[in-house]
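Commentary on secondary and tertiary structure
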Amino acid sequence: QPMIRLSGVGKTYDDGTVAVQELDLEIERGELVCLVGPSGCGKSTTLKMINRLIEPTTGTIEIDGDDVTHQDPVQLRRSIGYVIQQVGLFPHQKILANVMTVPLLYGESKSVARDRARELLDLVGLDPATYGDRYPHQLSGGQQQRVGVARALAANPPVLLMDEPFGAVDPVVRTRLQDEFLRLQDEVGVTVVFVTHDIDEAVRLGDRVAVFASGGRLAQFDTPARVLGR
Ligand code: ADP
Ligand code: ADP
């Protein structure tokens, strides 16, 4: 069974804006799927429906066979990591403490949480000895995004949702983050839904690419080569 299944999903906001229509999407375990399309075509809304920050108006959403369409979003946090462009690290906590919050939240001891946080920082390419004791503002934008990824993976979620995570970093750093992320995703085996407006990023990262058209309709869902018409 697919890791994520959206069936007939639609979202109309309270003001009447139709953001997503009749969306069917099946994402396999361990797959990296990019949602791409122009601004306002419903990508973020789709992502937020998957982790239930937004409730769909129509349709059903299943995660690993469980119907989560009306589930409490707090309950989903353990199975769905979320990384956004404004990563939202706690400004008054050091980097190690920022990542430790998640294992601590799930009842791990301080020493286990600390070990886990160090391991995760390593995984995203930040030496914990160098960066663990810094505060978020002492890191570059790209480094902060890496911490965001580490924190999102701290609960070992089977699904990771990413909304333009590298959108604010300069092109050179972005390419490096993309490469690193591909390696990391392969290593961890997490299923990823990745939102971007950049078709180059989408075809570079995605096992498959879901192309949205304006009006929140899915225009194409295929391999990068086919999306590029090759
Ligand atoms: P994308 O991520 O592709 O840029 P969004 O999912 O953010 O698109 O938005 C899809 C559509 O829904 C847009 O027309 C946007 O203006 C609208 N929209 C997003 N959030 C809200 C909201 N809270 N209330 C009303 N309309 C919204
Ligand atoms: P608010 O609506 O006040 O921004 P939220 O509860 O929506 O608060 O989210 C707060 C932060 O928690 C977000 O910035 C995001 O980083 C994180 N978050 C939200 N949903 C999830 C999720 N499903 N899994 C992991 N982290 C999440």
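Residues numbered from 1 in each chain as written. Chains lettered and ligands numbered in written order. Predicted model: local features only at pLDDT ≥ 70, side-chain atom pairs only at ≥ 80, totals over all residues. Heavy atoms only, no water.

Spelled out, the test is: UniProt positions are given in the numbering used here, feature names are shortened, and annotations may be inferred rather than shown by experiment.
As annotated in an unreviewed UniProt entry, the protein carries the name ABC transporter domain-containing protein and is attributed to Nocardioides endophyticus. Checking UniProt for the protein, the heading Sequence similarities (unreviewed entry) contains the comment "Belongs to the ABC transporter superfamily."

**Some points on the site of ligand 1**
The condition that has to hold: The near set for a molecule or strand comprises every residue that places at least one heavy atom within 4 Å of it. Any pair of N or O atoms that falls within 3.5 Å is considered a polar contact. Within protein, one atom must be able to donate a hydrogen and the other to accept it, and sequence-neighbouring residues count only if both atoms are side-chain atoms. Shrake-Rupley sampling with a 1.4 Å probe provides the accessible areas, and residues are treated as covered by the protein chains on show and by no other component. Under the grouping applied here, Gly and all other residues not named as nonpolar or charged are polar, the nonpolar ones being Ala, Val, Leu, Ile, Met, Phe, Trp, Tyr, Cys and Pro and the charged ones Asp, Glu, Lys and Arg.
In the region of ligand 1, the neighbouring residues are Tyr13, Asp15, Thr17, Ala19, Pro38, Ser39, Gly40, Cys41, Gly42, Lys43, Ser44 and Thr45. One of the side-chain N or O atoms of Tyr13 is found 3.4 Å from a nitrogen atom in ligand 1. A distance of 3.1 Å separates an oxygen atom of ligand 1 from a polar atom in the backbone of Gly42. Relative to its unbound accessible surface of 560 Å², ligand 1 loses 61% to contact with the protein. Taken together, the residues that form the shell around ligand 1 break down as four nonpolar, six polar and two charged.

**Points about the site of ligand 2**
Taken together, the neighbourhood of ligand 2 is formed by Asn51, Leu53, Arg77, Ile80 and Tyr82. Between ligand 2 and Ile80, the relevant distance is 2.6 Å, taken from a nitrogen atom to a main-chain nitrogen or oxygen of the residue. For ligand 2, the accessible surface in isolation is 550 Å², of which the surrounding protein chains cover 51%. Considering only residue class, the shell around ligand 2 consists of three nonpolar, one polar and one charged.

**Some thoughts on the packing of aromatic side chains**
A ring pair, where both rings are aromatic, is described by two values, the distance of the centres and the angle of the planes. Here is the rule we go by: Aromatic rings from Phe, Tyr and Trp, taking only the six-membered ring of Trp, are treated as a pair when their centres fall within 6.5 Å; an angle between ring planes under 30 degrees marks them as stacked, one over 60 as edge-to-face, and anything in between as tilted. Each helix is a run of DSSP H or I of at least 4 residues and each strand a run of E of at least 2, with the numbering of both proceeding from the N terminus. Classification of residues uses two cut-offs on accessible area relative to the type maximum, computed with a 1.4 Å probe and protein chains only: under 20% is buried, over 50% is exposed, and between them is partly exposed.
By the definition in use, this model includes three aromatic pairs. Between Phe181 and Phe194, the aromatic rings sit 6.3 Å apart at their centres with planes inclined by 50 degrees, giving tilted as the arrangement. Linking Phe181 in helix 7 (residues 171-188) with Phe194 in strand 8 (residues 191-196), this pair joins segments that are 13 residues apart in sequence. Since its relative accessible area comes to 4%, Phe181 is described here as buried.

**Thoughts on the pattern of salt bridges**
Stated formally: We count a salt bridge whenever a side-chain nitrogen from Lys or Arg sits within 4 Å of a carboxyl oxygen from Asp or Glu.
Within the structure shown, the criterion is met by 10 salt bridges. Its salt-bridge partner being Asp64, residue Arg29 comes within 2.8 Å of it at the nearest N-O pair. Here Arg29, found in the loop between strand 2 (18-27) and strand 3 (32-36), pairs with Asp64, found in the loop between strand 4 (58-63) and strand 5 (66-67); they are 35 residues apart in sequence, far enough to count as distant. Judged by its relative accessible area of 51%, Arg29 falls in the exposed class.

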